[in-house]
Amino acid sequence: METDIIFSGMEKIAHKVLAGERLGMAEAVELYDSHNLLGLGRMADILNQRKNGGRVYFNQNRHINHTNVCVNRCRFCAFGKDASEHDAYTMSLEKVLEAAAKAPSTVTEFHIVGGLHPDLPFSYYTQMLSALKKSYPHVHLKAFTAVEIDYFASLTGLRVEEVLEELIDAGLGSMPGGGAEIFAEEVRQRICPEKISGQRWLDIHETAHRLGIHTNATLLYGHVESSADRIDHLERLRRLQDRTGMFQAFIPLAFHSENTDIVKQGTTGVDDLKTLAMARIYLDNFDHIKAYWIMLGEGIAQISLSFGVNDLDGTVVEEKITHAAGAKTSEAMEKDHLIHLIRSAGKIPTERTTLYEILEAQP
């Protein structure tokens, strides 16, 4: 084990982590609250090297946000609108296909999430998937958060399992991790009281896993939660992953407060890097920790590749949700630029599919 000064103040925990032992929640909170950023990053980097070597993954994906009309009005969200608002929109199925057609032919994933529209029937969503799969049979459809799945169940009177089976039949390939926000109930009631509970989110993902659907997991951080709340969130994800092994990646999402009802300055670079590193250390059963450059910015995302991160998401194309809350990043990134960011960080750019099949590894 490394014994140099980089682990000053965290020697005991560092020894445990690097010996491959699992941290408890109290130890993780102590580590999270440490001011030794470089020691934390070094721990996470060693663990990532053991698991992934020098590979950093990305894919070519296109976001499709089919509507921003939403019956929930979460305090942290700037994307959702009432149908009567001037900037509310809902895409017809033809418009969805037009949006898909704007993606480069090399795209391998459509990432599809939207608001909880009060008037759209469930058939809108199944027909959307079917039409996309028919037109783009080679493109993986990663669609609908657990919050949307719960809403579809309430619309139809179907069980979650039945909803998911119909979506699979229509072309669903996997699910994103949105809607998790923060599982701590007191905090959840403060930022999104209308949203499903954290336990309901976990239950829906467990059902998806049981049906063979891989999913992602997220954490929204930097609003009104504590470090203990964040570790509680990671603990619940770790327990579910122990049972199913079907989470693919964990993506911490940095809160953006502009145009929301929560007054906050936003996260700092130190907090972003600590959160990503803690995810790698605590979520020992997750292979992939993703830095979502849309929220973090290119600089922090690139630095995070030395803090336990092994995935930079993808080309994205036309992201709307974070930009509604004031994100200053681009809405897309060229593949060559992603490769440049990864390579200049001393890592191996590795293009993947949604399910982490390697398409191309750059030297």
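The model shown is predicted, which means the values in this text are computed figures rather than measured ones.

What counts and what doesn't
- Residues numbered from 1 in each chain as written.
- Predicted model: local features only at pLDDT ≥ 70, side-chain atom pairs only at ≥ 80, totals over all residues.
- Heavy atoms only, no water.
- Helix = DSSP H or I, 4+ residues; strand = E, 2+ residues; numbered from the N terminus.
- Buried < 20%, exposed > 50% of the residue type's maximum accessible area, 1.4 Å probe, protein only.
- Contact = heavy atoms within 4.5 Å.
- Areas by Shrake-Rupley, 256 points an atom, 1.4 Å probe, with all protein chains shown as cover.
- pLDDT = per-residue confidence, 0-100.
- 1 Å grid on protein atoms, 1.4 Å probe; cavity = no way out; pocket = protein on both sides within 12 Å on 5 of 7 lines; lining within 4 Å.
- Points joined across faces, edges and corners; volume = space filled by probe spheres on them.
- Nonpolar A, V, L, I, M, F, W, Y, C, P; charged D, E, K, R; others polar.
- Polar contact = N/O pair within 3.5 Å; in protein donor to acceptor, adjacent residues only side chain to side chain.
- Axes fitted to C-alpha atoms, helices over the stretch in contact; angles between N-to-C directions.
- Parallel < 35°, antiparallel > 145°, perpendicular 65-115°, else oblique.
- Left-handed = near helix turned anticlockwise from the far one by under 90°.
- Salt bridge = Lys/Arg side-chain N within 4 Å of Asp/Glu carboxyl O.
- Core = buried A, V, L, I, M, F, W, Y, C linked by side-chain atoms within 4.5 Å.
- Pairing = 2+ DSSP bridges.

Notes on the overall build of the protein
Right, on to step 1. In terms of helices and strands, the protein carries 15 helices and eleven strands.
Right, on to step 2. Looking at the 363 residues of the protein, the share that counts as buried comes to 59%.
Right, on to step 3. The contacts of the protein with a sequence gap of at least 6 include a subset with a gap of at least 24, amounting to 75%.
Right, on to step 4. In the form shown here, the protein has an accessible surface area of approximately 14400 Å², with 50% of it arising from carbon and sulfur atoms.

Things to note about the confidence of the model for the protein
Right, on to step 1. Of all residues in the protein, 89% attain a pLDDT of 70 or more, and the chain-wide mean is 90.
Right, on to step 2. Note on residues 319-329: pLDDT is under 50 here. Beyond four places in sequence and across chains, it has 37 contacts.

Considering empty space enclosed by the protein
Right, on to step 1. Applying the stated criterion across every chain, the model contains two cavities of 30 Å³ or more.
Right, on to step 2. Empty space within the second largest cavity amounts to approximately 40 Å³.
Right, on to step 3. Every residue lining the second largest cavity is listed: Glu-109, Lys-142, Asn-216, Gln-248, Ala-249, Lys-290, Arg-352, Thr-354 and Tyr-356.
Right, on to step 4. Tallied by class, the residues present in the lining of the second largest cavity amount to two nonpolar, three polar and four charged.

Some thoughts on the side chain of Glu-181
Right, on to step 1. Note on placement: Glu-181 falls in the loop between β5 (174-175) and α8 (185-191).
Right, on to step 2. For Glu-181, a relative accessible area of 6% gives the class buried.
Right, on to step 3. Reaching out from Glu-181, the side chain makes a polar contact with the side chain of Lys-195 at a distance of 2.7 Å.

Quick word on the packing of helix α7 (residues 160-170) against helix α9 (residues 198-210)
Right, on to step 1. At a minimum axis distance of 10 Å, the contact between α7 and α9 shows a crossing angle of 50°. Taken together, α7 and α9 sit at an angle that is classed as oblique. As for the relative orientation of α7 and α9, their crossing is right-handed in sense. Here α7 contributes Val-160, Glu-161 and Leu-164 to the contact with α9, which in turn contributes Arg-200, Ile-204, Thr-207, Ala-208 and Arg-210.
Right, on to step 2. Looking at the contact of α7 with α9 residue by residue, the class counts come to four nonpolar, one polar and three charged.

A look at the pattern of salt bridges
Right, on to step 1. What the rule picks out here adds up to 21 salt bridges.
Right, on to step 2. Between Lys-95 and Glu-98 there is a salt bridge, with its nearest N and O atoms 3.6 Å apart. One end of the pair is Lys-95 and the other is Glu-98, both in helix α4 (residues 93-101) and three residues apart, which spans about a single turn.
Right, on to step 3. Taking relative accessible area as the criterion, Lys-95 reaches 45% and is therefore assigned partly exposed.
Right, on to step 4. Residues Arg-230 and Glu-225 are paired through a salt bridge, measuring 2.7 Å at the closest nitrogen-oxygen approach.
Right, on to step 5. Judged by its relative accessible area of 7%, Arg-230 falls in the buried class.
Right, on to step 6. Residue class for Glu-225 comes out buried when judged on its relative accessible area of 11%.
Right, on to step 7. Salt bridges linked by common partners bring Arg-22, Asp-242 and Asp-284 together as one network.

Quick look at the nonpolar core
Right, on to step 1. Counting residues in hydrophobic clusters, the biggest one holds 109 residues, and the most contacted among them are Phe-110, Ile-112, Ile-149, Trp-201, Leu-237 and Phe-250.
Right, on to step 2. Looking at this core element by element, the count peaks at seven residues for helix α11 (residues 269-282).

A word on the pairing of strand β11 (residues 358-361)
Right, on to step 1. Sheet analysis places strand β10 (residues 348-352) next to β11, joined by three bridges and oriented antiparallel. Residue pairing in the sheet places Thr-350 in a bridge with Ala-361 of β11.
Right, on to step 2. In this structure, the hairpin formed by β10 and β11 is closed by a connection of five residues, where Tyr-356 is found at a positive phi of approximately 65°.

Some thoughts on the packing of helix α6 (residues 146-156) against α9
Right, on to step 1. At their nearest, the axes of α6 and α9 sit 9 Å apart, and the two run at 85° to each other. Here α6 is positioned roughly perpendicular relative to α9, judged by the angle of their axes. For the pair α6 and α9, the contacting residues are Ala-146, Ile-149 and Asp-150 in the first and Arg-200, Trp-201, Ile-204 and His-205 in the second.
Right, on to step 2. Grouping the amino acids of the contact of α6 with α9 by side-chain chemistry returns four nonpolar, one polar and two charged.

So, the sheet that holds β10
Right, on to step 1. Read across the sheet, four strands follow the order β9-β1-β10-β11 without closing on themselves; strand pairing throughout is mixed. Whereas interior strands pair on both sides, the edge strands pair on one side only; in this sheet they are β9 (311-314) and β11. Neighbour to neighbour, the strand axes of the sheet diverge by 25° on average, direction disregarded.

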